[in-house]
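# Summary of structural features
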Amino acid sequence: MAYSYSEVEGKRAHDPLAVGIAVKSAKCIWVAGPIIVGAGPSGLAAAACLKQRGVPSVILERSNCIASLWKNRTYDRLRLHLPKQFCELPLMPFPKNFPTYPTKQQFVAYLDTYVSRFDLKPVFGTTVVSAEFDPICRFWRVKTSSGTKCLDFEYTSRWLIVATGENAEAFLPKLEGMDDFRGPVLHTSEYKSGDMFCGKRVLVVGCGNSGMEVCLDLCNHNAQPSLVVRDSVHILPQEMLGRSTFGLSMCFLKWFPAHIVDRLLLLVSHFMIGDTAKYGLIRPKLGPLQLKNKTGKTPVLDVGTLSHIKSGKIKVFRGIKRVRHDSVEFVDEKEEKFDAIILATGYRSNVPSWLMDTDMFSKEDGFPKEQFPHTWKGKDGLYAIGFNKRGLLGASMDAWRIAEDIELMWKAETKRFTDLTRAVA
Ligand SMILES: Cc1cc2nc3c(=O)[nH]c(=O)nc-3n(C[C@H](O)[C@H](O)[C@H](O)COP(=O)(O)OP(=O)(O)OC[C@H]3O[C@@H](n4cnc5c(N)ncnc54)[C@H](O)[C@@H]3O)c2cc1C
Ligand SMILES: NC(=O)C1=CN([C@@H]2O[C@H](COP(=O)(O)OP(=O)(O)OC[C@H]3O[C@@H](n4cnc5c(N)ncnc54)[C@H](OP(=O)(O)O)[C@@H]3O)[C@@H](O)[C@H]2O)C=CC1
Ligand SMILES: O=C(O)C(=O)Cc1c[nH]c2ccccc12
């Protein structure tokens, strides 16, 4: 099937002149600057930093909006857990009137403004299904799918920036007997509020920040939540000594090693919230910051759930042995009836499903093989943003580095091109 120039034109992202996209063939689009996969906070931050340095880019996004995780796959009561100064994207501070912990709606509004401010125009409804480096031409071939075959393209560029996120796909563990359960089973990415669970017995599986906060939301909606804690977990108060726990940790880390700061955090936590192990929340052997550094596991910042666990309003269970028709059996042989199950079991990267043949990413977990601060750069013009397990702050750090790196090559190439055209003229 032949494609007219205007049809391909319709799929163009940014200002075609500024971007310098050239249509190479009917279904192939050459991108002069980098291709960015994903229009979440990371992809947007990368595009903005590049633009500020005069480097155009094209963002490919599978959903029909920016920040789809925040807009479509998070619960209503979500707020940033870290103070706003640690969650800003590069080049644009939060509005002064934002509270210390902005709501999801405020954060999303900020991202919408960010997009307007930098005039970013992601190509929506475009899933990257494969990306491969062509060693002969020395550029990346990025194949996309839009659901309609006639709108599938191959984008090519010298640079590829992976910004699909650490939370690209909901992780749904296979629990024995789950198919027999008579009630609803949903992942936290589908959970909006406890409205529909009023009066219901709900089992929340997983005690990360999502599981803990969903339990709190269920309490607020008069449901009866129970929490599965299969392993150990660090719970820290969101604030201590009059400061945010995160801010305080960052401050102390400038002077002391992580294991010392961990001792302080645990001491103050013990003083403020007591021994969490008494309630089934056993602390890992390694301190919260050391554990975060080593495994990426984020400590839970308590926003009110713990008091309901202490009061017995939220029951804590150990791992699940099997699910039955209307109940769940736990590893310690206890069995309890439930009306619904919410899987707060986290997410997975989807990079191995589309990025071919690279040394940069692990095929097992879809994260860069290198550790922070070396996660952002691979070979042959390949970059990763938002994969250093340091949230939005980490994504901002990556954005600066990537833009700086690409700008140097971009300027050199632009100069070569200008020299060449002058010589020809
Ligand atoms: C509930 C929740 C709350 C959080 N709160 C905080 C917080 O308060 N502070 C903090 O610092 N961090 C927080 N995080 C961490 C979180 O990872 C970041 O906030 C942020 O969303 C990461 O941005 P990202 O752009 O890297 O990934 P995402 O926001 O996940 O964006 C990735 C984008 O890539 C798109 N995509 C994926 N695969 C493809 C493909 N194959 N083709 C095209 N597009 C694709 C997705 O649709 C998505 O829009 C939170 C995470 C969750 C889940
Ligand atoms: N406002 C905020 O800032 C918020 C931030 N977040 C962030 O979003 C990211 C994702 O968080 P979250 O969704 O909580 O996911 P996490 O990956 O942090 O937590 C998943 C939890 O599920 C448990 N789990 C996984 N499989 C099973 C199973 N088969 N049986 C029992 N338990 C299981 C894990 O246990 P184990 O550890 O044993 O593997 C872990 O406790 C994190 O970075 C988090 O900090 C989330 C919510 C709010
Ligand atoms: O939400 C996340 O997982 C983040 O990476 C941000 C974050 C929340 N709490 C933290 C504690 C230590 C380091 C990062 C975080």
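No experiment lies behind these values; they were computed from the predicted model shown.

So, on to the site of ligand 3. Lining the immediate surroundings of ligand 3 are L82, F246, K292, T298, P299, L301, R390 and G391. T298 is positioned with one of its side-chain polar atoms (N or O) 2.9 Å from an oxygen atom of ligand 3. Contacts to ligand 3 include G391, whose backbone N or O atom sits 3.1 Å from an oxygen atom. Considering ligand 3 on its own, with 350 Å² of exposed area, one finds that the protein chains cover 75% of that surface. Of the residues belonging to the shell around ligand 3, the class tally is four nonpolar, two polar and two charged. Formed jointly, the shell around ligand 3 draws a minimum of three residues from each of two domains, domain 1 (2-168 + 349-424) and domain 2 (171-346).

Near ligand 2, the surroundings consist of 20 residues, among which R79, H81, S210, R230 and K297 are the closest. The backbone of C207 places a nitrogen or oxygen atom 3.3 Å from an oxygen atom of ligand 2. Interatomic distance of 2.8 Å between a side-chain N/O atom of K297 and an oxygen atom of ligand 2. Split by domain, the shell around ligand 2 shows at least three residues from each of two domains, domain 1 (2-168 + 349-424) and domain 2 (171-346).

With that settled, the discussion passes to the packing of aromatic side chains. In the structure shown here, the tally under the stated rule is 20 aromatic pairs. On the numbers, 5.9 Å between centres and 85° between planes, the contact of F367 with F387 is edge-to-face. With F367 in the loop between β22 (347-348) and β23 (382-384) and F387 in the loop between β23 and α11 (391-424), this pair connects stretches of sequence that are 20 residues apart. Judged by its relative accessible area of 2%, F387 is buried. Between R117 and the ring centre of F118, over which it is positioned, the NZ or CZ distance is 4.6 Å.

Turning to the nonpolar core, a few remarks are in order. Counting residues in hydrophobic clusters, the biggest one holds 69 residues, and the most contacted among them are Y110, Y114, F197, V204, L218, L227 and I342. Of all the secondary-structure elements, those providing two or more residues to this core are α3 (41-52), α5 (104-117), β11 (201-205), α6 (209-220), α10 (305-310), β21 (340-343) and α11. Three or more residues apiece are contributed to this core by two domains, here domain 1 (2-168 + 349-424) and domain 2 (171-346). Beyond its immediate stretch of four places on either side in the chain, I342 contacts L186, T188, Y191, F197, V202, L203, V204, V205, V214 and L218. Membership of the second largest hydrophobic core comes to 25 residues, among which are L60, A131, F153 and Y155.

Judged by how many residues are buried, strand β12 (residues 224-228) sits mostly within the fold: four of five residues are covered. Two strands pair when backbone bridges link them, and β11 and β12 are joined in this way by five bridges, in the parallel orientation. Across the sheet, residue R201 finds its bridge partner in β12, namely Q224. You can see the chain leave β11, run along α6 and come back into β12, and the turn it takes is right-handed.

The next point concerns the sheet that holds strand β8 (residues 160-162). Sheet strands pair via backbone hydrogen bonds, and the direction of the pair is either parallel or antiparallel. Taken together, four strands build an open sheet; the order of strands is β4-β3-β8-β23 and the sheet is parallel. Because the sheet does not close on itself, it has two edges, and the strands there are β4 (58-60) and β23. Across the sheet, the mean angle from the axis of one strand to that of its neighbour is 20°, orientation sign disregarded. Bridging between strand β3 (residues 35-37) and β8 involves three bridges; their strand directions are parallel. Looking at β8, one finds that I35 is bridged to L160. Of the strands in this sheet, β3, β4 and β8 are in contact with α3, which crosses β3 at around 160°.

Scoring rules and cut-offs
- Residues numbered from 1 in each chain as written.
- Chains lettered and ligands numbered in written order.
- Predicted model: local features only at pLDDT ≥ 70, side-chain atom pairs only at ≥ 80, totals over all residues.
- Heavy atoms only, no water.
- Near = heavy atom within 4 Å.
- Polar contact = N/O pair within 3.5 Å; in protein donor to acceptor, adjacent residues only side chain to side chain.
- Areas by Shrake-Rupley, 256 points an atom, 1.4 Å probe, with all protein chains shown as cover.
- Nonpolar A, V, L, I, M, F, W, Y, C, P; charged D, E, K, R; others polar.
- Domains from an automatic or database assignment.
- Phe/Tyr/Trp six-rings, centres within 6.5 Å; stacked < 30°, edge-to-face > 60°.
- Helix = DSSP H or I, 4+ residues; strand = E, 2+ residues; numbered from the N terminus.
- Buried < 20%, exposed > 50% of the residue type's maximum accessible area, 1.4 Å probe, protein only.
- Lys NZ or Arg CZ within 6 Å of the ring centre and 35° of its normal.
- Core = buried A, V, L, I, M, F, W, Y, C linked by side-chain atoms within 4.5 Å.
- Contact = heavy atoms within 4.5 Å.
- Pairing = 2+ DSSP bridges.
- Right-handed = clockwise from strand over helix to strand, strands pointing away.
- Axes fitted to C-alpha atoms, helices over the stretch in contact; angles between N-to-C directions.

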